[in-house]
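Spelled out from the first residue to the last, the chains are:
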Amino acid sequence: MSKPLSDHDRKKQISVRGLAGVENVTDLKQNFNRHLHFTLVKDRNVATRRDYYFALAHTVRDHLMGRWIRTQQHYYEKDPKRVYYISLEFYMGRALQNTMVNLALENACDEAMYQMGLDMEELEDMEEDAGLGNGGLGRLAGEHFEFSPIRMVQRVRGAHPSLPAFAACFLDSMASLGLAGYGYGIRYEFGIFNQKIVNGWQVEEADDWLRFGNPWEKARPEYMRPVHFYGKTEHHADGVKWVDTQVVLALPYDTPIPGYRNNIVNTMRLWSAKAPCEFNLKDFNVGGYIQAVLDRNLAENISRVLYPNDNFFEGKELRLKQEYFVVSATLQDIIRRFKVSKFGSREIARTDFSKLPEKVAIQLNDTHPAMAIPELMRVLVDEEKLSWETAWDICVRTCAYTNHTVLPEALERWPVDLFAHLLPRHLEIVYEINRRHLEAIAAKFPGDQDRLRRMSLIEEGGQKRINMAHLCIVGSHAVNGVAQIHSDILKATVFKDFYEMEPHKFQNKTNGITPRRWLVMCNPGLAEVIAERIGEDFIRDLDQLRSLCKYVNDEAFIRDVAKVKQENKMKLAVHLEDHYKVKINPNSMFDIQVKRIHEYKRQLLNCLHIITYYNRIKKEPNRQWTPRTIMIGGKAAPGYHTAKMIIRLITAIGEVVNNDPVVGDRLKVIFLENYRVTLAEKVIPAADLSEQISTAGTEASGTGNMKFMLNGALTIGTMDGANVEMAEEAGEGNLFIFGMRVDDVEALDKKGYHAGEYYNRLPELKQAIDQISGGFFSPKQPDLFKEIVNMLMHHDRFKVFADYEAYIKCQEDVNALYKNPKEWTKKAIYNIAGCGKFSSDRTIAQYAREIWGFENKQLKGSKRANPAGAAEKTGLFF
């Protein structure tokens, strides 16, 4: 295992990296002590590690503030087009190390803390994850230090990781590309739950991430906005009024989003629900004071907790309140900023809303912010008194919609009755949108009544529902999927009618990840090895990784890449042994599947391989088996029973396998508890094999697959989501592709999928299923997993058995290649070299040009030294 560096070795490494800017270290120490004293007002000797963390966080934040103010003032004075990315989820993770990386401050902070006898990694560990997302759906330039950006993040005492959703990656890229971008969402008091594994079962604990405060946010009460619910509509000669409403106040909290060393700091604004201050004195006089206070809490519940995402839509009133709450507050903010930002003058209010699409782009991240469309119409028609036709043209040209799923049960369909109760004016607007929409369909496809029914925003039959995806498509000028295969499926199946109606709207924008967090920050050793060969510009232009192909046969480069991987594995092995008390062989293959627990992601297929491999080792214990450490991690939505049972099965298999002396260290199975950003950045750099095994046609894109690829893991996967494009970029021969393609799945659906045919034909599959069913992995509760077996045998929509044989055969190929480390590493290099396409910078540049209407010259700000270099003034122009 790796050992701590001696002082001598540490100083040697620092001298290699250079110690220019020692005066900056001194300044940092002085600021740190000032913040520590300000926080404690006591003797430093009584300070806790958390006190030290807050002092360091405030010290680093000081370096953000001037840039943040100048950037926003620059936007105010130059009045560029602004992008508003509205999402119910932003999985930001930790901010401290990311901010230091983007500010080129990490070495200086590291050295300052070391000189003060503090450990940077320990301080970083005190930061709470900002887990305001479920996972796959949500980060400036240095002043004094001039040495390598890579070396800036090379940790003297090991790299400390910090899984943001791709929405978070997008905010990083918007800032790094110099776009005036804003993220808007909800400041949940409780984020995605903390997962504990107790006796093999998932137990949820509240994620009270704000209990110690958040040094990275700033409350902005001056921009508080009222949000209305309930009430009724009144139609008058001069228009429609929404009256007798209940008001909830939206209080904004701003978080800085620094670009990568370009002096740009954008803003993420999250809204918190607050009750109005007024009390009903009449109720108070008759003893209703307590109830009045309790009613305040009902209003504030809107931003209390994030709904866990299990890809199953539930029409809960609180969720609809959340969706409208963020949309209403955000649109008020957008309109306010649009009106006052005109050539740097606060005296002239812009009232020509025909210019709105030229100055504003609104991106709807999934259907959760779909209410932006009827809300924008309400503002333009009811409040700004525009004609319907004019308002609709503005709305469509301003809004764009990103779809994230093809699973029918995940699409939002809100009951009309709930809409009528909660948002009566918006229901009227949706009905009017639908009336005009159906007229347009009837004109283009006369007599096609079935098409009218399929394309209507209102679903009839039983309880009337509003199809929010249909609303998004009709009310947007662009609709995109997040991988090419996903976008093609949308056009061919889910939205086929809409594609035939308006084909020009449909686009693809393959997802991407930020290389700053997912390589430079989490895997500095690999980033340094790459920079030694091709320079450091790949951090801003990931396409430059393609030039690594010429080093694929370079013995020194192969050794360096393999060495970094082994060091990362050793660090993770130490972590796993500390936390799970399982002895890990760091020379074993680290085989990893980390993602939300869901049937379509097919963790059960992974389980069947584990059992099959275990049975083979038991049958031939003297054979030279390829050792594997298999890790599975992810959270099951609290109400998703099958997903929780899958977790229990994984832990049960681990209990048997890990304690079998015949197997020894040739096979270990670990369920990674509470998988989150900080754990992801430990796990991903150490992975040898990445499991991306969803049923073809069910995964929209994936971003975890890209993170593993960028960090030198090989992928075993189906031709699903972004796997298809990864195979194109790296060469299909450098991935382990198996199983049914989309066409095969469709053919099997038509033929009829019968799990029993595979069960009876494949002896190893039958043995594994019989072991699960018979209680081999749950001897004290023999019937524990019978419902999983019953599902697999009779109700498996995702056809696990149909891909079992191909998966097992492919895993044999994996084992064979792993025995040849040199050839394995060569394939890893081809994968790293093929990652250029999967930078979120590329994704955002495509959004900017092809959806948001930016020109190429507007995307070059990322390499300028100081694009936001306006003279600093007082005040925050946000």
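Because the structure is predicted, anything quoted here is derived from the model rather than measured.

Participant: I'd like a rundown of the UniProt feature "modified residue: N6-(pyridoxal phosphate)lysine" (unreviewed entry) in the chain, residues and numbers included.
Facilitator: Sites flagged by UniProt as "modified residue: N6-(pyridoxal phosphate)lysine" (unreviewed entry) map to Lys-707. If you trace the backbone, Lys-707 turns up in helix 27 (residues 704-710). Taking the relative accessible area as the measure of exposure, Lys-707 reaches 1% and is therefore buried.

Participant: For the sheet that holds strand 20 (residues 589-594), give the residues involved together with the corresponding values.
Facilitator: Sheet architecture is open: 6 strands sit in the order 22-21-20-23-24-25, paired in parallel fashion. Edge positions in the open sheet fall to strand 22 (667-672) and strand 25 (736-737), since each of these has one partner strand only. With 2 bridges joining them, strand 20 and strand 23 (residues 689-692) adopt parallel strand pairing. Bridge pairing in strand 23 places Asp-591 opposite Leu-689. With respect to the sheet, helix 23 (residues 555-580) is in contact with strand 20, strand 21 (628-633) and strand 22, its orientation differing from that of strand 22 by roughly 75°.

Participant: Kindly report on the sheet that holds strand 15 (residues 413-415), identifying the contributing residues and their values.
Facilitator: As summarised here, the arrangement of the 3 strands in space is 15-17-16, forming an open sheet in which the pairing is antiparallel. This sheet does not close on itself; its edge strands, each paired only once, are strand 15 and strand 16 (458-459). As paired strands, strand 16 and strand 17 (residues 465-467) are joined by 2 bridges and run antiparallel to one another. Following the sheet pairing, Ile-458 is matched in strand 17 by Ile-466.

Participant: If you had to explain the nonpolar core to someone new, which residues and values would you point to?
Facilitator: Judged by nonpolar contacts, the single largest core of 252 residues is most densely connected at Phe-229, Phe-325, Phe-538, Leu-545, Phe-801 and Trp-852. In contact with Phe-801, other than residues within four places in its own chain, are Leu-608, Tyr-753, Ala-755, Tyr-758, Tyr-759, Leu-765, Ile-769, Leu-792, Met-793 and Asp-796. Formed by 29 residues, the second largest nonpolar core is a distinct cluster that contains Cys-109, Met-113, Met-126 and Val-265.

Participant: I'd like a description of the packing of aromatic side chains, backed by residues and values.
Facilitator: The tally for this structure, following the rule as stated, stands at 22 aromatic pairs. Taking 5.7 Å as the distance between ring centres and 65° as the angle between the ring planes, the aromatic pair formed by Phe-170 and Tyr-847 counts as edge-to-face. Here Tyr-847 lies in helix 35 (residues 840-850) and Phe-170 lies in helix 8 (residues 166-176), a separation of 677 residues in the sequence. Note on Phe-170: relative accessible area 0%, which makes it buried. Ring geometry for Phe-229 and Tyr-230: centres 6.5 Å apart, planes at 55°, overall tilted. Taken together, the ring pairs in this structure connect Tyr-84, Tyr-182, Tyr-184 and Trp-271 into an aromatic cluster. The cationic tip of Arg-50 hangs over the ring face of Phe-212; the distance from NZ or CZ to the ring centre is 3.7 Å. Across from the ring centre of Phe-445, 3.9 Å away, lies the NZ or CZ of Arg-451, which sits over that ring.

Participant: I'd like a description of a nonpolar patch on the surface, backed by residues and values.
Facilitator: On the surface, Tyr-289, Ile-290 and Leu-294 cluster together into a nonpolar patch covering about 300 Å² of accessible area. Following the sequence through the fold, Ile-290 ends up in helix 10 (residues 289-300).

Participant: Outline the packing of helix 24 (residues 603-619) against helix 31 (residues 763-774), listing residues and values.
Facilitator: Closest axis-to-axis distance for the helix 24/helix 31 pair is 9 Å, and the angle between their directions is 105°. Judged by the angle between their axes, helix 24 and helix 31 are roughly perpendicular. Residues Leu-608, Ile-611, Thr-612, Asn-615 and Arg-616 of helix 24 lie in contact with helix 31, whose contacting residues are Glu-764, Leu-765, Gln-767, Ala-768, Ile-769, Gln-771 and Ile-772.

Cut-offs applied
- Residues numbered from 1 in each chain as written.
- Predicted model: local features only at pLDDT ≥ 70, side-chain atom pairs only at ≥ 80, totals over all residues.
- Heavy atoms only, no water.
- UniProt positions renumbered as here; feature names shortened; annotations may be inferred.
- Helix = DSSP H or I, 4+ residues; strand = E, 2+ residues; numbered from the N terminus.
- Buried < 20%, exposed > 50% of the residue type's maximum accessible area, 1.4 Å probe, protein only.
- Pairing = 2+ DSSP bridges.
- Contact = heavy atoms within 4.5 Å.
- Axes fitted to C-alpha atoms, helices over the stretch in contact; angles between N-to-C directions.
- Core = buried A, V, L, I, M, F, W, Y, C linked by side-chain atoms within 4.5 Å.
- Phe/Tyr/Trp six-rings, centres within 6.5 Å; stacked < 30°, edge-to-face > 60°.
- Lys NZ or Arg CZ within 6 Å of the ring centre and 35° of its normal.
- Patch = residues over 30% accessible without salt bridge, like charges linked within 9 Å, V, L, I, M, F, W, Y side chains within 5 Å.
- Areas by Shrake-Rupley, 256 points an atom, 1.4 Å probe, with all protein chains shown as cover.
- Salt bridge = Lys/Arg side-chain N within 4 Å of Asp/Glu carboxyl O.
- Parallel < 35°, antiparallel > 145°, perpendicular 65-115°, else oblique.

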